[in-house]
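# Results of the structural survey
The primary structure of each chain is shown beneath.
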Amino acid sequence: MAGSIDKVVLITGASSGIGEATARELANTGARLFIGARRGERLKALADQLGEAVAWRELDVTDGADFDAFVEAAEARFGRVDVLVNNAGVMPLSPLAALKRDEWKRMVDVNIHGVLNGIAAVLPRFLAQQGGHVVNVASVAAHIVLPTAAVYCGTKHAVRAITEGLRQEHDEIRSTLISPGVVATELGHDITDPAVAAALTGWRKKSLTPDAIARAVRYAIEQPDGVDINEVIVRPTAADM
């Protein structure tokens, strides 16, 4: 088929939002997909819709052993692993003075350790096969810092640095950072500060739909060998930041 992707692609955070949209986008290319998230019932429903080339497993990205098992299950199902899309993330924004230490820890665990766990799970395989692709979904927050978002921005700056480090260390592995602007997803549903939650509602009056980011992921993946799309920033046309 035109624009076909003959690869095995793993996607985290695939039960909703950008992860789900990416699965739907790539399912139309002939790629074989292995999707993961904590909500297994949603994964099953999505896989059932998309067909036999899509398999799933529940996944907690903060658990390194669970991520290893996720990658092993994908390899057992499809015979190899070519691409990892590290998409899972959380964004419980709050002012630093609110001292929401548990929320800070959760962001660091999911947004940074989750990405590192994914890289650790696939990197030995990519090195052994002399090829592979890590796509990390970050945010425009990887480039800016905003009040109430200091910790979240810190985690996304870290993902940007990790992605660039991976690129520099391994010539045979492609590394891509996808940095979305405001997207209409469930991200931020766990904000516990009422004023910040209200502000997020305002920001989302100018937002993308998840399929816009899914197309950016597809663009990076479908490039020919030797072409590495290192970073893509995708914003609404009317975005202020």
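Residues numbered from 1 in each chain as written. Predicted model: local features only at pLDDT ≥ 70, side-chain atom pairs only at ≥ 80, totals over all residues. Heavy atoms only, no water.

Within the open sheet, the 7 strands sit side by side as 3-2-1-4-5-6-7. Their pairing is parallel. Of all strands in the sheet, those bounded by a partner on one side alone are strand 3 (54-58) and strand 7 (231-234). Going across the sheet, the axis of each strand differs from the next one's by a mean of 15 degrees, ignoring polarity. Sheet analysis places strand 5 (residues 132-137) next to strand 6 (residues 173-180), joined by 6 bridges and oriented parallel. Looking across to strand 6, one finds that Val135 is bridged to Thr176. Lying over the sheet, helix 3 (residues 64-78) contacts strand 1 (8-11), strand 2 (32-37), strand 3 and strand 4 (83-86), oriented at roughly 155 degrees with respect to strand 2. Of the strands in this sheet, strand 4, strand 5 and strand 6 are in contact with helix 4 (residues 101-129), which crosses strand 4 at around 175 degrees. (Pairing = 2+ DSSP bridges. Helix = DSSP H or I, 4+ residues; strand = E, 2+ residues; numbered from the N terminus. Axes fitted to C-alpha atoms, helices over the stretch in contact; angles between N-to-C directions. Contact = heavy atoms within 4.5 Å.)

Using the criterion set out here, one finds 2 aromatic pairs in the structure. Taking 5.1 Å as the distance between ring centres and 55 degrees as the angle between the ring planes, the aromatic pair formed by Phe34 and Phe70 counts as tilted. On the criterion of sequence distance, the pair formed by Phe34 in strand 2 and Phe70 in helix 3 is long-range, its members being 36 residues apart. Considering the side-chain rings of Phe67 and Phe70, the 6.0 Å spacing of their centres and the 80 degrees angle between planes classify their relative orientation as edge-to-face. Residue Phe67 and its partner Phe70 are both found in helix 3; the two are separated by 3 residues, about one turn of the helix. For the residue pair Phe67 and Phe70, the accessibility class agrees, reading buried in each case. (Phe/Tyr/Trp six-rings, centres within 6.5 Å; stacked < 30°, edge-to-face > 60°. Buried < 20%, exposed > 50% of the residue type's maximum accessible area, 1.4 Å probe, protein only.)

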